[in-house]
Amino acid sequence: MDLSEVGYDDRDWINLAQDRDRWWAYVCRIASSDDVEEELDVHSMWENIRDNIKIAAEQSIGYYQTKKKKPWFDEDCCMVVERRKQAKLKLLQDPVEVNRDNYFNIRREANRTLRNKKRDYLKEKLNEVEANSKNKNIRDLCKGIKEFKNGYQARVNVIKDENGDLLADAHSILNR
């Protein structure tokens, strides 16, 4: 289990303070219940502390459920993409005409399947926006329009240094 897997399960901010207190109680209880040996090296002590913190976070807070970035990408899409990967590996290992034709056919089928799934999802979203417009549900209507209007927003990893200059590369950001 990685510490980045532990999150707050979409709880509101008021409950986070209570979760923090509950987490600290778990850490104290687990730390006091462990058999402490006199002669422990630094690594084993750190592993013990790390494990106690992970267990306490898991019991008090739980796991963070990541949001699905592509809701239209379902099990069929996974299977088609996996078939395409296998066909490409087969083509790279043995580049004969049969494997090449097979790969192109599977790739064409995969692209068609993904395109149709995405198209169906977008049609469904547009129908939802239209229904919100007819039902005069303005908040959801504006939210849906904003999603379509803004589209994909790339993540920008740029910060300013002490002089106000922009830093874009990861090495200079870490050195700041």
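Fair warning: this is a prediction, and the values are worked out from it, not measured in the lab.

*Asks:* Please clarify how a positive patch on the surface should be interpreted in this entry.
*Replies:* On the surface, Lys88, Arg107, Arg108, Arg112, Arg115, Arg119 and Lys123 cluster together to form a positively charged patch. Examining the composition of the positive patch, we find that 6 residues originate from one element, helix 4 (residues 97-134), more than from any other.

*Asks:* I tried to follow a negative patch on the surface on my own but got confused; where do I start?
*Replies:* Taken together, Asp120, Glu124, Glu128 and Asp140 make up a surface patch of like negative charges. With 3 residues, the single largest contributor to the negative patch is helix 4. The topology assignment puts Asp140 in helix 5 (residues 138-150). Asp140 gets classed as partly exposed once you look at its relative accessible area, which sits at 35%.

*Asks:* When you look at the side chain of Asp161 in this model, what are you seeing that I'm missing?
*Replies:* In this fold, Asp161 is placed in the loop between strand 1 (159-160) and strand 2 (166-167). When its relative accessible area of 18% is taken as the criterion, Asp161 is described as buried. In terms of polar contacts, Asp161 uses its side chain to reach the backbone amide nitrogen of Asp165, at 2.7 Å.

Procedures and definitions
Residues numbered from 1 in each chain as written. Predicted model: local features only at pLDDT ≥ 70, side-chain atom pairs only at ≥ 80, totals over all residues. Heavy atoms only, no water. Patch = residues over 30% accessible without salt bridge, like charges linked within 9 Å, V, L, I, M, F, W, Y side chains within 5 Å. Areas by Shrake-Rupley, 256 points an atom, 1.4 Å probe, with all protein chains shown as cover. Salt bridge = Lys/Arg side-chain N within 4 Å of Asp/Glu carboxyl O. Lys, Arg positive; Asp, Glu negative; His and termini not counted. Charge placed at Lys NZ, Arg CZ, Asp CG, Glu CD. Helix = DSSP H or I, 4+ residues; strand = E, 2+ residues; numbered from the N terminus. Buried < 20%, exposed > 50% of the residue type's maximum accessible area, 1.4 Å probe, protein only. Polar contact = N/O pair within 3.5 Å; in protein donor to acceptor, adjacent residues only side chain to side chain.

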